[in-house]
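# Architecture at a glance
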Amino acid sequence: MIYHRSIVRSFLPGLLLLISFSFANSVLAQDGKALFQQKCASCHAPEKVLIGPALKGADANWEDRAQLHNWVRNSAAVIKSGYPRAVAVFNQFNKIQMTAFPELSDAQIDAIFTYVNNFGAATTPGPGGPAEDPNLKKASDSDNTLLYGILTIILAVIALILLQVNSNLRKLSEEKDGQTIPEPVPFYRNKAYIATAAIILFMIAGWLIFKGAEGLGREKNYQPKQPIFYSHTVHAGVNQISCLYCHGNTMEGKQANIPSVNICMNCHMGITEYTKGPKLYNAEGKEIDGTAEIKKLHEYAGYDPATKKYNGKGKPIEWVRIHNLPDHVYFNHSQHVNAGKVQCQTCHGEIQKMGEVKQFADLSMGWCVNCHRETKVQFADNKFYSIYEKFHEDLKNKKIDSVTVEMIGGTECQKCHY
Amino acid sequence: MEQKKYWQNFGELHNSKAYQESLGNEFEEELNAQDADDKGILDAKSPRRDFLKYLGFSTAAATLAASCEMPVKKSIPFLNKPENYIPGVADYYATTFVNGGDAIPVIAKVRDGRPIKIEGNELSTMTRGGTGAIAQASVLDLYDTARLRFPMGNGKEVTTFEAFDKMVSDALAGTGGLPVVLLTSTITSPSTKQIIAEFIAKFPGSRHVQYDALSASGILQANETSFGKRAIPSYDFGKAKVIVSLGADFLGTWLNSVEYANGYGDGRKINQANPEMSKHIHFESILSLTGANADDRYVHRPSEEGAVALALFAKLGGSVSAPALEGDRLKKGIDMAAAALSAAGGQALVVSGSTNPDVQVIVNAINDKIGAYGNTISWNSTLNTRQGKDSDMVQLVDDMNGGRVGAVLVCGVNPVYDYFDGKKFAEAFKKVKLTVSFNDREDETSELAKFILPDNHYLESWGDAEPKSGFLSFMQPTILPLFKTRQFQTSLLKWSGNNTDYEDYLKNYWVTRLGGQSAWDKALQDGVVETAGAAVSAAFNAAAVTDAAGKLASVKKGGKAELVLYPKVSMGSGRSANNPWLQEMPDPITKATWDNYAIISFAMAKELNIKVDDNYEVEVKKPVIKLTVAGKEPITIPILVVPGVHSNVIGLAVGYGRSEKTGRAAANVGKNAYPLVSLAGNNFSYSVADVAYEKLPDLYEVAYTQTHNQYEGRVEVVREYSLKEFKAKPKVLAEVREKLVEDYGGQSKDYRENGTLYPNYPYPGVKWGMSIDLNSCFGCGACTIACTAENNVPVVGKHEIARAHEMHWLRIDRYYATYRDDSGNDNLDDLNVVFMPMLCQHCDNAPCENVCPVNATNHSSEGLNQMTYNRCIGTRYCANNCPYKVRRFNWADYMGADSFPDNQNGKLSDATLMMNDDLSRMVLNPDVTVRSRGVIEKCSFCVQRLQEGKLKAKRENRAIETGRDNKWDVKTACQQACPTNAIVFGNVNDKNSVVSKIRNEEQTNRLYYSLEQLHVLPSVSYLAKIRNTDRQVGVVAGEHHAPATEVTGGHEEPAKH
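Residues numbered from 1 in each chain as written. Chains lettered and ligands numbered in written order. Predicted model: local features only at pLDDT ≥ 70, side-chain atom pairs only at ≥ 80, totals over all residues.

## As for the overall build of chain B
Per the secondary structure count, chain B includes 32 helices and 44 strands. Against the compact-globule benchmark of 31 Å for 1057 residues, chain B has a radius of gyration of 29 Å, which places it among compact chains. Referenced to the eigenvectors of the C-alpha coordinate spread, the extents of chain B come out at roughly 90 × 80 × 70 Å. Here chain B, with 1057 residues, has 58% of them falling under the buried criterion. (Helix = DSSP H or I, 4+ residues; strand = E, 2+ residues; numbered from the N terminus. Rg over C-alpha atoms; globule rule 2.2 N^0.38 Å. Buried ≥ 20, exposed ≤ 12 C-beta atoms within 10 Å, placed from the backbone.)

## Observations concerning the domain arrangement of chain A
As far as domains go, chain A holds domain 1 (26-124), domain 2 (146-214), domain 3 (225-327 + 346-361) and domain 4 (364-418). Computed from C-alpha atoms alone, the centre-to-centre distance between domain 1 of chain A and domain 4 of chain A is 40 Å. (Domains from an automatic or database assignment.)

## A look at the pairing of strand β5 (residues 114-120) of chain B
Residue and element names in this part refer to chain B. Counting buried positions along β5 yields 7 of 7 residues, so the element is predominantly enclosed. One ladder, built from 6 bridges, connects strand β4 (residues 102-111) with β5; its direction is antiparallel. For Val-106, the partnering residue across the bridge sits in β5 and is Gly-120. Between β4 and β5, which pair antiparallel one after the other, the connecting turn spans 2 residues, and Asp-112 there sits at a positive phi close to 45 degrees. (Pairing = 2+ DSSP bridges.)

## Re the sheet that holds strand β14 (residues 348-352) of chain B
Residues and elements named next belong to chain B. Spatially, β13-β12-β11-β14 is the arrangement adopted by the 4 strands of the open sheet, whose pairing is parallel. Because the sheet does not close on itself, it has two edges, and the strands there are β13 (296-299) and β14. Each neighbouring strand pair of the sheet contributes to a mean axis angle of 10 degrees, computed without reference to strand direction. In this sheet, β14 lies alongside strand β11 (residues 242-246) in parallel orientation, the contact comprising 5 bridges. Bridging from a neighbouring strand, Ser-245 pairs with Val-351 of β14. (Axes fitted to C-alpha atoms, helices over the stretch in contact; angles between N-to-C directions.)

## Observations regarding the sheet that holds strand β26 (residues 635-641) of chain B
Working definition: the strands of a sheet are paired by backbone hydrogen bonds and lie parallel or antiparallel to each other. Residue and element names in this part refer to chain B. Spatial strand order, β30-β22-β27-β24-β26-β25-β31: 7 strands in an open sheet with mixed pairing. Two strands in the sheet have a free side with no partner beyond their single neighbour: β30 (687-688) and β31 (692-701). Examined bridge by bridge, strand β25 (residues 621-628) and β31 share 8 bridges and lie antiparallel to one another. What sits directly across from Ile-625, in β31, is Lys-695.

## Quick word on the nonpolar core
Grouped together as the largest cluster of nonpolar side chains are 310 residues, with contacts concentrated most on Leu-349, Ile-362, Val-408, Leu-565, Ala-598 and Ile-650 of chain B. Sequence-distant contacts of Leu-565 of chain B, that is, excluding residues within four places in its chain, are made with Leu-652, Val-654, Ala-673, Leu-676, Val-677, Tyr-686 and Ser-687 of chain B. The next biggest cluster of nonpolar side chains, apart from the first, holds 26 residues, and it includes Trp-71, Ile-109, Ala-111 and Ile-351 of chain A. (Core = buried A, V, L, I, M, F, W, Y, C linked by C-beta atoms within 7 Å. Contact = placed C-beta atoms within 7 Å.)

## A short note on the environment of Tyr-417 of chain B
All names here are of chain B. Locating Tyr-417 in the fold gives a position in helix α14 (residues 415-418). When the 26 C-beta atoms within 10 Å are taken as the criterion, Tyr-417 is described as buried. Along the primary structure Tyr-417 and Glu-444 are separated by 27 residues, whereas in three dimensions their C-alpha atoms are 5.9 Å apart. Apart from the residues lying within four places of it in its own chain, the contact partners of Tyr-417 are Gly-422, Asp-443, Glu-444, Thr-445, Arg-658, Asn-672 and Tyr-674.

## Brief notes about the interface of chain B and chain A
Chain B puts 55 residues into the contact, and the matching count from chain A is 54 residues. Of all the secondary-structure elements, those providing two or more residues to the side of chain B that touches chain A are β2 (74-75), β3 (91-99), α18 (517-526) and α30 (943-955) of chain B. Per-element accounting of the side of chain B that touches chain A gives the leading share, 6 residues, to α30 of chain B. Taken together, the residues of the side of chain B that touches chain A sort by class into 26 nonpolar, 18 polar and 11 charged. Where strand β5 (residues 319-320) of chain A meets β2 of chain B, 2 bridges bridge the pair, whose relative direction is antiparallel. Bridging across to β2 of chain B, Val-320 of chain A finds its partner in Lys-74 of chain B. (Nonpolar A, V, L, I, M, F, W, Y, C, P; charged D, E, K, R; others polar.)

## Things to note about the domain arrangement of chain B
For interface size, the figure often reported is the accessible area lost on association. Residues and elements named next belong to chain B. Each assigned domain of chain B is listed with its residue range as follows: domain 1 (152-215 + 388-526), domain 2 (226-383), domain 3 (558-704) and domain 4 (713-1027). Using only C-alpha atoms to locate each centre, domain 1 and domain 2 end up separated by 36 Å. Counting from both sides, the interface comprises 6 residues of domain 1 and, opposite them, 6 residues of domain 2. Taken together, the residues that form the side of domain 1 that touches domain 2 break down as 2 nonpolar, 3 polar and 1 charged.

## Section: unusual backbone geometry
It is generally the case that most residues other than glycine have a negative phi and that most peptide bonds are trans. At Lys-308 of chain A, a position not held by glycine, the phi torsion is positive, near 55 degrees. Mapped onto the secondary structure, Lys-308 of chain A falls in the loop between β3 (303-304) and β4 (309-310). Classification of Lys-308 of chain A as exposed rests on a count of 11 C-beta atoms within 10 Å. Phi is positive for Trp-594 of chain B, which is not a glycine, with a value near 55 degrees. The residue Trp-594 of chain B is located in the loop between β23 (592-593) and β24 (598-600) in this model. Look at Trp-594 of chain B and you get buried, because 24 C-beta atoms sit within 10 Å.

Here's what the structure looks like:
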């Protein structure tokens, strides 16, 4: 393997460090959450023992808080110093060394513990975290189409009967007047009726064809069978693992990467069976054996849980791709999630309640554009928008109450097509 | 008094009837009307029934396609993801573009493991981030389909390197003690030189021969005579106030041209407060890129190059007597050059492109006389990119012929093709017992070699280079080798019994020299290490001057016609001949693609009975002449008439006429001119003093873009003034604008608002704009290739270009500017050229937008004129309505974007199909849509880079930067490639951006918009060209258009169309 070095990469960590320093002075609870998800969530859960201990209330076991801070920054040193609590924890967890986080300040570590200790109280949704989304409600609003359809048909039948009655009455009155009456035409041979029916049928057929053609290549509700039954309910829902832990490139790249096997194995080295969680069912309602699915993962990874060793014969998992965009569409996750602070659920639905993933949105252009029309940009928070002087002026003068994506050009062709 | 006239082709100059007609035809071809004959619709070639069949079939096909299921796609993540890798995010690696001896520090953009774009390395003070066209195109060479994919021995594949090593080692042992010769191009790599030394030590009696197809052996020899150093000093073109070039094409092809263009650009940039610039006087025989940019230009015969140098030296007070020169104009030119040189007080520089060491000795004497050494010429750092000694090569051929060589290892050179006596070399090469080639393909030389072990492409290689002493540049691989190839250095190490890989060898070499692992890591990351050497001075030894002068004085006058062999800016020595981007790049002067040709003067054309005034340029078939040089095979070649060529001179480009196996793009393109090179004394001579020519009855199609995209006589597109005029009337362009405001600005004096019926667009945030300085644009074409690489611009092939189907988003318009005397005669030898990059102007009041019936082209809130391919139905109304003619139509499926193979079959050239190969397609930029047949495309201001730059700023929670304190989030591809920073791009709503500064503060006087009077409100502004000449320029004269602006004629009404 050739060792590449990148110019950009070399200053990126520095930049991140710089950013983290610049915020170090004002550490808040929500930073605690972000930090927790960024740094700790791979090995710890607030209320569950993963690779490391459950963190909720864990700090209470440490009499000397300074030692706790040191432990997080460099656990090896604290163990070496012989601090009893440190040695105990180390031994309790199979002498697995905790990753050192020398970049974390005391305040940041405290913020993390403030967050985990309050976990389960009211959690506020942050970016990437599982959350309820107001937009979801709209989708589940009751569908009135059927009602309107039935009403239309009833009205049409009434109209038809009235017309028939009317013509019969006229016929009677004319008979009374003694006029010669032509042989009545049955309604199924009445040209006016046939023409009307034909036009209506034509319109319905046209509408159906148009809809069908429009839907070509769209795959809303696509839910293929995957090589491993991976449940987002268990991971993101029950275990509250941040989306970004596995899909970390979301913040930086256009793709929200599907995690590589080594990311799965970070936790599944230790978690080898599924026993405590809710029962799992696939799309057909068949029960799934979670432990067997974890076994499949171990096979892909080439890992033997008995000996805790890799055999070096791992192979990548061939997941079935669900969300497909046409080639001429440019979509960037970091734009939406990082810059735009859009929730994952806005586009992917209640992913934390899905077993195997199902395509939530139809990913049509109309769907994209609608959202761009309604969504407000991070206008005040992101300094990028400081150059939009006129909008800032208008906001101040209460001419407008917010700036939508559309107002800054978000529905123009070359925002997505180039 | 004389007037200056700007024109792009002879039709325009003479305003001929054919030209007028061609203007009317926006698209040169008629519609295919074969169906509409008299025989009635059923007897036509595609009768009604066929139509119905197609209709039925397509309906059925559509139905089938609709009922088919969606394909299942896989998403396969890594097993173990490399830590630094993010899919879809580009990485940038510093490396070095090495092409023969030339080395340019570059940055390779790597997307998902594939290098897709080359940028200059801005950390290098030598190039300051500049590149040339060949460097920009080099990324495509990596994916060249003609590359050899495995080692070969005796015409068969050798499956393992071990087997190959054994075969060669055995053969090396069996050479019977005869010496081994390592034949390479100039090598500037210090580590490679050491490896070669070790290899040679292993095989006693062996030697290393460096050979340059475009040799500088004469200069090296002259410097050895004058200074006792076989080296080339550093030239500082930026510091020189007066530059006299005796046929050195230093902006295009001469030595380290990227560095020179960079420096020259500094001297040509104008500070508005104190307008000064360098003065460039050029003497040459044909019209070169550098000559085209000169302030004053004089032509002479190639056989007079010594006489010109002597005359200049004599005028400067040198004690030599110069032979008589032809023509008063030339003599005056020498007087003028001498006067300017003496007045410059050492801030002057004379360079010569001659390969004759005697001429170079005189040039050295001149530079010594004017005090250039220590001022504009420095010996502190010497140029290493040309070290070949031509006589070594001659000796080698003799030795091979005489059986005195046991083995020849060839690396990076192709003498069977480019040595002047290639046939003799081939015969001798065949006689050698062991021949090994490291070339990347089965080229003319490798074909004859017994063993071929292809070397890696530079983007797959480790390495180092030292183009100038003290200026180190490093290479690191940006991709694993695509094929079974191995670096030449590793092979040499193996064969000399050292089992170290070159990678480790290189690392060890530099870790000790740079002082540690971290220094080496930093060197790789930066790509360059520059160490200031101690000041070196060299005393000029005048002893050889008299001797050289004597030899030059006795040079015989040339015959009726003389021949000059020159390298083209796009093709160089012909090493990258299989690069379709370079083949399709229009030559800066002739604008011809895909061929070489003889360039002749207007006078010679007249003599050959070629009518240049009427149908000449409209007709793509050109007359063919036969060139005969005594003792050589005659060459038949098409001719192009180029003004500014000496009337007794024929110019012919080298680098063409490659063999079949060189590749599909290179084969059968042009004729090989290298056999006409001769050996004069110890050095190659690229001119022939006597050539016979004869016009043949044949015609030959030359594809050139010269007459496409005309402005219908709107010559205000380009503006030029002399420095004197500009100093006297700095506000001349501002006055034009004031006049427009006065006429169309209405009561509020707002030209933008009141000049149109259409509403004004608001630009609330960013508004993109570009500024192009015509004074530092030299027409080198690096931007054209950069644009091609960045935006997936297709290659269309020769035949398509010939019918005006070229696709370049950015073209460089070439305007000849000739002087017209009082009696109305145009002197076609006495000219300047103005180059003007022309791209979509992203008009704020765009004529294309209004006419699109499907709104496929529309305006963005950032000032972009957006093109939406999926909406486009191909009416081409927009192209018709564009005054700048920058819109391009996909006449066929050039890039394989369609799912219908019929859109390609039988329609596309071999080169285009080669670009459709899966391997070649790896070069495509994944962020840019590949366009299908039937849609219009054009410059997008690199919108993918703009989006990326904005996103970066958003993620970092700050405003976007376009040049404030030299911070850049966004640079367009053309801007980044430009070696002289002539192109500047940025946010014009930001008062601190560079483009705003130029428009509003720094260059308000030279600022103009092309065709400003049309009120299309372009987003691209230009800075007028200034010539440092005493002559009158800037007068636009011509009978068929109204003068737009004049220095002398006061303010006339702006032209209305």
